[in-house]
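# What the coordinates show
The residues making up each chain are set out below.
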Amino acid sequence: MASNNTSAFNYRRKLHLWGTLKHAQGTALDINPLLNPFVRKSSRGTMVKPINGRYDPKQPGTLKRGNFLKLLGQRGWTWGGRWPNPVDYQHIEKIGGLCKVPPVRVR
């Protein structure tokens, strides 16, 4: 994340739960984590990952609510930037499982 790498498939298990993450299923992406960090607020303070991440909607490459809803929200995707706590600005995932791929026509 510190290198601002966008990632998709990443096979790993959920911590303390059975099953795999949406990334391991191929239905989630993390985009530009320095510009779209993971933010968790608690009584002990605010944790930001990566540490040097900063959410600024004015910066190019930052995910924004309006653009997300217009481009992906209507196509069955959800955005971690809309979650109450933690807010995971970098995370988008397909709702309801696998992506539907249209059939390929062979001529």
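Look up a bit, the structure's there.
Just so you know, these numbers come straight off a predicted model, no measurement behind them.

### Examining the overall build of the protein
Helices and strands together make up the secondary structure of the protein, namely one helix and six strands. Mapped in sequence order, the helices and strands of the protein form the string β-β-β-α-β-β-β. In the protein, once contacts between residues fewer than 6 apart in sequence are set aside, the share between residues at least 24 apart is 45%. Within the structure as shown, the protein displays about 7,900 Å² of accessible surface, and the carbon and sulfur contribution to it stands at 57%.

### As for the packing of aromatic side chains
If you walk through the whole model with that rule in mind, you get three aromatic pairs. Relative to Tyr89, the ring of Trp79 has its centre 6.2 Å away and its plane inclined at 55°; by these criteria the two rings are tilted. On the criterion of sequence distance, the pair formed by Trp79 in strand β4 (residues 77-79) and Tyr89 in the loop between β5 (87-88) and β6 (91-94) is long-range, its members being ten residues apart. For Trp79, a relative accessible area of 2% corresponds to the buried category. Ring-pair connections join several aromatic residues into one group, and the members of that group are Tyr55, Phe68, Trp79 and Tyr89.

### Some thoughts on the sheet that holds β5
Pairing in this open sheet of three strands is antiparallel, and the strands run β3-β2-β5 from one edge to the other. Each edge of the open sheet carries a strand with a single partner, namely β3 (45-49) and β5. Judged from the two bridges that link them, strand β2 (residues 38-42) and β5 form a sheet pairing that is antiparallel. Across the sheet, Phe38 pairs through a bridge with Asp88, a residue of β5.

Conventions used here
- Residues numbered from 1 in each chain as written.
- Predicted model: local features only at pLDDT ≥ 70, side-chain atom pairs only at ≥ 80, totals over all residues.
- Heavy atoms only, no water.
- Helix = DSSP H or I, 4+ residues; strand = E, 2+ residues; numbered from the N terminus.
- Contact = heavy atoms within 4.5 Å.
- Areas by Shrake-Rupley, 256 points an atom, 1.4 Å probe, with all protein chains shown as cover.
- Phe/Tyr/Trp six-rings, centres within 6.5 Å; stacked < 30°, edge-to-face > 60°.
- Buried < 20%, exposed > 50% of the residue type's maximum accessible area, 1.4 Å probe, protein only.
- Pairing = 2+ DSSP bridges.

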